[in-house]
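The primary structure of each chain is shown beneath.
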Amino acid sequence: MTFLEAREKIVQALHHATDALNDPRFADSLRDRNQDVKFAEMNMDSLAAIECSMMLEEETGMEIDPAQIAMCESVNGLARFICGNMKTA
Amino acid sequence: MHDSYVTLHRAPDRHSHFAVGATQPPKFDPITKSWIVMEPGTCERLLASPYVRLPHYSQNDAALHNRFGIDYSNLLFAYSHIPLCLQDAAHRDARRRMAEYLSGRKALVEAHIVTTVKSHLRILGQEGEVELMREVLNPFVFSVIGSLIDLDPAGPAECHLATKIFDTSLGPRKRQRMNEELGRLREMICAKLGPDASEEAIGLRIAFVILGRDSLIGTLGASLHNVLAANSGKRLDQMRYPGVPPETGVPFTERIVVEPFVDHQTEFQAGDRLRIYLQSFAHSGSARETQRIFGIGSHACLGKSVSLNMWRAITSYLAGIPLHADVISHALCTDDYTFLCPEHLTVRLRA
């Protein structure tokens, strides 16, 4: 999986969990592969984080904890983590 | 501020962060979305504060169970019997049941600790390499929990993930495995108690496994590593063993603010999450405060006396061994975000 593929899956998971693509504060940045969005800015609650994890686990086959999402700090950080781990798996 | 409070409790440099944190007021961490509380006096006040409550641990699992049909039935069953997961009268009732059960089994468990510590630690009386977690501490803890709930030690031994039920940082796949493990434990307890066993009797035993297993393994393992590292170069019978474990396997506890209040100039709002570090008591250097690793007030650890008895039984035995114990390999578990627990701790025993 490439960085951009991973990024797209994360954006879709965030949208699924938080309706992020309909939020004018984040929608443009999430759609633009050259921009990044920090999770801390998104006010994602713990249930949304676990829903996001669930969708990413289904899409990638990896185990992805909400804690891992938090530690990656941003959409691009998580995309790098996912494609890095899928290459080494 | 530390890189990530998600894993600070197991960071190699955590002691220096606690030394700094012990002098500072709470600060908000955007990653964990929590107030980080490390100053022992503040920890103590907030643990006893009437303006905070326990988190609703079951909420997310119940929502996923209901919304997506994910089978979390055994997790939800466990939550309904663990005092920490219950509020108000339900909490008091569950806690009283556990306290009464513990009291009734106290003499038996104490006798079990005294008689079995020798067999579990005998291997340390001879020269060679020993992996303390796998060969000594884990079997000892499983055997004590087994004696407490009258179950084969294989029951608690096979609960690798189930005890991480409070770890809301773990993802859905791990939570599904937790649910499966708890299902097997539940079946084992049912088989042992027979067809007439009440849900309450089964739930109570599951609660003891969840609350006791990793907290005991972590506290004993991390404390033993602390003592061995601090006494490097000495023989086991020359080391000084503190009466209270110097590390806690339960590094922090969380609370939710129920109404706005001010604590020493820090303003908390309703809904704020507090991450209160019990580790700060362990690292305070004060014997009085070290005792507080077991918590304070209505949520203090019910298993404190079992933990202390096990620690003292272990250290008394070690204090009679005239061998050096060099730590040759040590690593902490990294597959969860709530416990401080050695994954392995290998020592070389030599004359």
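Here the structure is shown first, and the text comes after it.
Remember, predicted model here, so these are calculated numbers, not experimental data.

### What to know about the overall build of chain B
Part 1 of the reasoning: Scanning chain B from terminus to terminus reveals 12 helices and 10 strands.
Part 2 of the reasoning: The C-alpha radius of gyration computed for chain B amounts to 20 Å, which stays within 12% of the reference 20 Å derived for 351 residues, consistent with globular compactness.
Part 3 of the reasoning: Along the first, second and third principal axes, the C-alpha set of chain B runs to 60 × 55 × 35 Å.
Part 4 of the reasoning: Here chain B, with 351 residues, has 56% of them falling under the buried criterion.
Part 5 of the reasoning: The long-range fraction of contacts in chain B, counting pairs at least 24 apart against all pairs at least 6 apart in sequence, stands at 70%.

### Notes on the overall build of chain A
Part 1 of the reasoning: Counting secondary structure elements, chain A contains five helices and zero strands.
Part 2 of the reasoning: Ordered by position from N to C terminus, the α and β elements of chain A give α-α-α-α-α.
Part 3 of the reasoning: Radius of gyration (C-alpha) of chain A: 12 Å, near the 12 Å computed for a compact globule of 89 residues.
Part 4 of the reasoning: Along the first, second and third principal axes, the C-alpha atoms of chain A reach 35 × 30 × 20 Å.
Part 5 of the reasoning: At a minimum sequence separation of 6, the contacts of chain A that also span at least 24 residues come to 59%.
Part 6 of the reasoning: Here chain A has roughly 4300 Å² of accessible surface; of this, 45% comes from carbon and sulfur atoms.
Part 7 of the reasoning: A distance of 8 Å separates the average location of the 8 positive side-chain charges in chain A from that of its 16 negative side-chain charges.

### Looking at the interface of chain A and chain B
Part 1 of the reasoning: Taken together, the 24 residues of chain A in the interface contact 22 residues of chain B.
Part 2 of the reasoning: Of all residues in chain A, Ile50, Glu63 and Asp65 of chain A bury the most surface against chain B, accounting for 27% of the area lost on that side.
Part 3 of the reasoning: Summed over the shared surface of chain A and chain B, the result is three salt bridges.
Part 4 of the reasoning: The closest approach of N and O atoms between Glu51 of chain A and Arg67 of chain B, which form a salt bridge, is 2.5 Å.
Part 5 of the reasoning: For the pair chain A and chain B, the interface holds nine residue pairs in polar contact (both at pLDDT 80 or more).
Part 6 of the reasoning: The set of elements that each furnish at least two residues to the side of chain A that touches chain B consists of helix 3 (46-60) and helix 4 (66-72) of chain A.
Part 7 of the reasoning: Residue contributions to the side of chain A that touches chain B peak at eight residues, all from helix 3 of chain A.
Part 8 of the reasoning: Partitioning the side of chain A that touches chain B into residue classes produces 12 nonpolar, six polar and six charged.

### A few points about the nonpolar core
Residues and elements named next belong to chain B.
Part 1 of the reasoning: With 82 residues, the main nonpolar core has Leu132, Ile165, Leu182, Ile206, Leu236, Met310 and Leu318 as its most contacted residues.
Part 2 of the reasoning: No other element matches helix 9 (residues 199-230), which puts 13 residues into this core.
Part 3 of the reasoning: Ile206 has contacts with Phe77, Ala78, Leu182, Leu185, Arg186 and Ile189, leaving out every residue within four places of it along the chain.

### Some points on the pattern of salt bridges
Residues and elements named next belong to chain B.
Part 1 of the reasoning: For the coordinates displayed, the defined rule picks out 26 salt bridges over all chains.
Part 2 of the reasoning: Linking Glu200 and Arg97 is a salt bridge whose minimum nitrogen-to-oxygen distance equals 3.6 Å. Here Arg97 lies in helix 5 (residues 88-121) and Glu200 lies in helix 9, a separation of 103 residues in the sequence.
Part 3 of the reasoning: For Glu200, a relative accessible area of 42% translates into the label partly exposed.

### A closer look at unusual backbone geometry
Part 1 of the reasoning: Although it is not a glycine, Asp88 of chain B sits at a positive phi angle of roughly 50 degrees.
Part 2 of the reasoning: Its place among the elements puts Asp88 of chain B in helix 5.

### Here we look at helix 6 (residues 132-149) of chain B
Residue and element names in this part refer to chain B.
Part 1 of the reasoning: Taking 1.5 Å as the rise per residue, helix 6 with 18 residues should run 26 Å; its terminal C-alpha atoms sit 24 Å apart, in good agreement.
Part 2 of the reasoning: If you check the start of helix 6, you find a side-chain oxygen 3.0 Å away from the backbone N of Met133, and it comes from Glu131.
Part 3 of the reasoning: Once helix 6 finishes, Asp150 follows within two positions and takes phi at roughly 55 degrees, a positive value.

### What to know about the sheet that holds strand 4 (residues 128-131) of chain B
Residues and elements named next belong to chain B.
Part 1 of the reasoning: Strand order in the open sheet formed by three strands is 4-10-9, with antiparallel pairing between adjacent strands. Looking along the sheet, the strands with just one partner apiece sit at the ends: strand 4 and strand 9 (324-332). Within this sheet the neighbouring strands show an average axis-to-axis angle of 15 degrees, counted without direction.
Part 2 of the reasoning: In terms of strand pairing, strand 9 meets strand 10 (residues 342-350) through eight bridges, oriented antiparallel. Looking at the pairing, Ser329 lines up with Thr346 of strand 10.
Part 3 of the reasoning: Along the sheet, helix 9 makes contact with strand 9 and strand 10, crossing strand 10 at roughly 40 degrees.

### A closer look at the packing of helix 5 of chain B against helix 9 of chain B
Residue and element names in this part refer to chain B.
Part 1 of the reasoning: Where helix 5 meets helix 9, the axes come as close as 11 Å, and the angle between the chain directions of the two elements is 80 degrees. Our classification of the angle between helix 5 and helix 9 gives roughly perpendicular. Residues Arg97, Met98, Tyr101 and Leu102 of helix 5 form the contact with helix 9, whose own contacting residues are Glu200, Leu204, Arg205, Ala207, Phe208 and Leu211.

Rules and cut-offs
Residues numbered from 1 in each chain as written. Chains lettered and ligands numbered in written order. Predicted model: local features only at pLDDT ≥ 70, side-chain atom pairs only at ≥ 80, totals over all residues. Heavy atoms only, no water. Helix = DSSP H or I, 4+ residues; strand = E, 2+ residues; numbered from the N terminus. Rg over C-alpha atoms; globule rule 2.2 N^0.38 Å. Buried < 20%, exposed > 50% of the residue type's maximum accessible area, 1.4 Å probe, protein only. Contact = heavy atoms within 4.5 Å. Areas by Shrake-Rupley, 256 points an atom, 1.4 Å probe, with all protein chains shown as cover. Lys, Arg positive; Asp, Glu negative; His and termini not counted. Charge placed at Lys NZ, Arg CZ, Asp CG, Glu CD. Buried area = accessible area lost by both parts, 1.4 Å probe. Salt bridge = Lys/Arg side-chain N within 4 Å of Asp/Glu carboxyl O. Polar contact = N/O pair within 3.5 Å; in protein donor to acceptor, adjacent residues only side chain to side chain. Nonpolar A, V, L, I, M, F, W, Y, C, P; charged D, E, K, R; others polar. Core = buried A, V, L, I, M, F, W, Y, C linked by side-chain atoms within 4.5 Å. Expected span 1.5 Å × (residues − 1). Pairing = 2+ DSSP bridges. Axes fitted to C-alpha atoms, helices over the stretch in contact; angles between N-to-C directions. Parallel < 35°, antiparallel > 145°, perpendicular 65-115°, else oblique.

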